[in-house]
Amino acid sequence: FGTFGVGLPKEESTYNGGHGSYTYDNFPVLLKQQGFVKKTAYSLLIENSDAEKGTVLFGAVDHNRYSGQLYTLPLINPDYTGRTATEFYVTVQGIAVEDGNNTETLTTTPFPALIDSGTTEMIIPLDYLKIIAKKFNYEFDSSVGAYTGACPTKNSTNFIFEFGGFTISNDVSNYIALLDSNSATCFLKIYDSGSETAIFGDVFLVDTYAVFDLDDLEISLGQASLNGTGENIEVISSSIPGAIKAPGYSSTWSTSQAVSTGGDIYTVDSTTTS
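## Quick look at the sheet that holds strand β23 (residues 243-245)
Backbone hydrogen bonds are what pair the strands of a sheet, in a parallel or an antiparallel way. Spatial strand order, β4-β3-β20-β21-β6-β23: 6 strands in an open sheet with mixed pairing. Two strands lie at the open edges of the sheet, namely β4 (54-58) and β23, each paired on one side alone. The sheet shows a mean angle of 20 degrees between the axes of neighbouring strands, taken without regard to direction. Where strand β6 (residues 66-74) lies against strand β21 (residues 218-224), 6 bridges are found, and the strand directions are antiparallel. Paired with P74 across the two strands is E218, which belongs to β21.

## Remarks on the side chain of Q93
Here Q93 is to be found in the loop between β7 (89-92) and β8 (94-99). Engagement of the side chain of Q93 in a polar contact is seen with the backbone oxygen of S251, the distance being 2.7 Å.

## Observations regarding the nonpolar core
Judged by nonpolar contacts, the single largest core of 54 residues is most densely connected at I124, F159, F163, F200 and F204. The residues touching I124, leaving out its near neighbours within four places in the chain, are I95, F111, L129, I132, I190, Y191, D192, S193, T197 and A198. In this structure, Y66, Y209, I236 and I240 belong to the second largest nonpolar core, which totals 10 residues.

## Quick notes on the layout of surface pockets
Volume-wise, the second largest pocket comes out at about 400 Å³. As for the second largest pocket, its lining consists of 21 residues, of which F136, P152, T153, K154 and T157 are closest to the centre. Listing elements by their share of the lining of the second largest pocket, those giving two or more residues are β8 and β16 (176-178). No other element matches β16, which puts 3 residues into the lining of the second largest pocket. The residue inventory of the lining of the second largest pocket, partitioned by class, reads 11 nonpolar, 6 polar and 4 charged.

## Structural notes on the side chain of E218
Along the chain, E218 falls in strand β21. For E218, the side chain forms a polar contact with the side chain of Y249, separated by 2.6 Å. With near-sequence residues (within four places) excluded, E218 lies in contact with T72, L73, P74, L75, V211, F212, D213 and Y249.

Reading the values: the criteria
- Residues numbered from 1 in each chain as written.
- Predicted model: local features only at pLDDT ≥ 70, side-chain atom pairs only at ≥ 80, totals over all residues.
- Heavy atoms only, no water.
- Pairing = 2+ DSSP bridges.
- Helix = DSSP H or I, 4+ residues; strand = E, 2+ residues; numbered from the N terminus.
- Axes fitted to C-alpha atoms, helices over the stretch in contact; angles between N-to-C directions.
- Polar contact = N/O pair within 3.5 Å; in protein donor to acceptor, adjacent residues only side chain to side chain.
- Core = buried A, V, L, I, M, F, W, Y, C linked by side-chain atoms within 4.5 Å.
- Buried < 20%, exposed > 50% of the residue type's maximum accessible area, 1.4 Å probe, protein only.
- Contact = heavy atoms within 4.5 Å.
- 1 Å grid on protein atoms, 1.4 Å probe; cavity = no way out; pocket = protein on both sides within 12 Å on 5 of 7 lines; lining within 4 Å.
- Points joined across faces, edges and corners; volume = space filled by probe spheres on them.
- Nonpolar A, V, L, I, M, F, W, Y, C, P; charged D, E, K, R; others polar.

Bear in mind that shape data such as this cannot, by itself, settle questions of function.
Here it is in structure tokens:
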């Protein structure tokens, strides 16, 4: 199988038989160059974690595929702070768990996360992973290569990810799977990144409507909605229609710091840069 690259041009590179690497104009770029779309941007919706299909909409937004507000974040470069972004990294400001009417913040220590449809699971720095595993009383099982524990009995638990003035809710069931059919043991589909950056893959995108803006180096995120009927498509001409800058737009990750637990994601100071 091949890879249908739709990332930023600087990441669209290959190697040509000993003649060096080069970049090329990928599909989203060519769509604009040839006049099919007005902006190098596209919207992505994954219907569920086991779906055999999803929707990618080039050059437009479908307002029936998300609920509430779309919020825009700037892309960052965690490898070279201050330099132009080359991948779809944004700043995550905190993580919480919502169980019914109760919300417990796990951490408000920010970290960079790559929004990546090419990754199935979530990969996160070990300190954050340990905090999440502890919340569910899961322990690392070297024979499995993952954190395991008793399968949850409740179906109304959500992860809440805070991005600087807005949150995205994810069903925890996307992140926990049965180890095998003969046991009541489950495992976390969240793994150690081995670095200070995270990858938010399909388990995150299942509940998230994402608009990738390759021209302005931004991503707009909203809560995915599968309840809408029909289409309400609006062409992206300049700015992303229906999107506003996140309140914490300018509060971006710049350096790693000691991870602390607790706090309140709903009172995160989105006016200062970490």
